[in-house]
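# Reading the structure
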Amino acid sequence: MPDRHRVAVTADGDLAGADLLGSFGTHAAVRPADMISVAAERLLARNDYVFAQQEDDRLAQAMALVLTRPEVDERQALAWLDTVENGFGGLPSGPLPAYAANCLRTLRTLYLLADLGVRRSRDAAPVVLPHHDALKRRLAEVMAPVFEHA
């Protein structure tokens, strides 16, 4: 199987969510808009645990890979952030709930990948996200109200 289709397997033999998203999201038979929607839903899933095993980084990596697809136009590359921004609207003051912290950490990593490029594998050269400047601007706007250092 080519490297671009490898997915992580947990100790129990299960496919890991973020890695599966990245694999499906780069496959020509899968609509990238669907994978972007799945990623946004994952980011906003109301859970009470903080991601482990670098799930936030791996989810950002998967999202960045999907956003490199040539058929993803700028509107699609940014529209999902409206949903995330709306999800941040009802946050209580004080410490961030775990799901919001997970989302914020994932978005910060996605910002870095938009700035530096995303690698399809460890040894590959970084791939520039086609709409990286617009994505970075929009990510900064969405994170600013909840990121205390913005």
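Please refer to the structure placed before this passage.
What you are looking at is a predicted structure, and each value in this text was computed from that prediction instead of being measured.

Procedures and definitions
Residues numbered from 1 in each chain as written. Predicted model: local features only at pLDDT ≥ 70, side-chain atom pairs only at ≥ 80, totals over all residues. Heavy atoms only, no water. Helix = DSSP H or I, 4+ residues; strand = E, 2+ residues; numbered from the N terminus. Buried < 20%, exposed > 50% of the residue type's maximum accessible area, 1.4 Å probe, protein only. Contact = heavy atoms within 4.5 Å. Areas by Shrake-Rupley, 256 points an atom, 1.4 Å probe, with all protein chains shown as cover.

Of the regular secondary structure elements, the protein chain holds six helices and zero strands. Reading the helices (α) and strands (β) of the protein chain from amino to carboxyl end gives α-α-α-α-α-α. Here the protein chain, with 150 residues, has 42% of them falling under the buried criterion. Across the protein chain, the fraction of contacts at a sequence separation of at least 24, relative to all contacts at a separation of at least 6, is 68%. Only carbon and sulfur atoms are counted for the fraction: they give 53% of the accessible area of the protein chain, which is about 8,400 Å².

Of note, Thr-109 is situated in helix 5 (residues 98-116). Each residue touching Thr-109, except ones within four places of it in the same chain, is listed here: Asp-57 and Ala-60.

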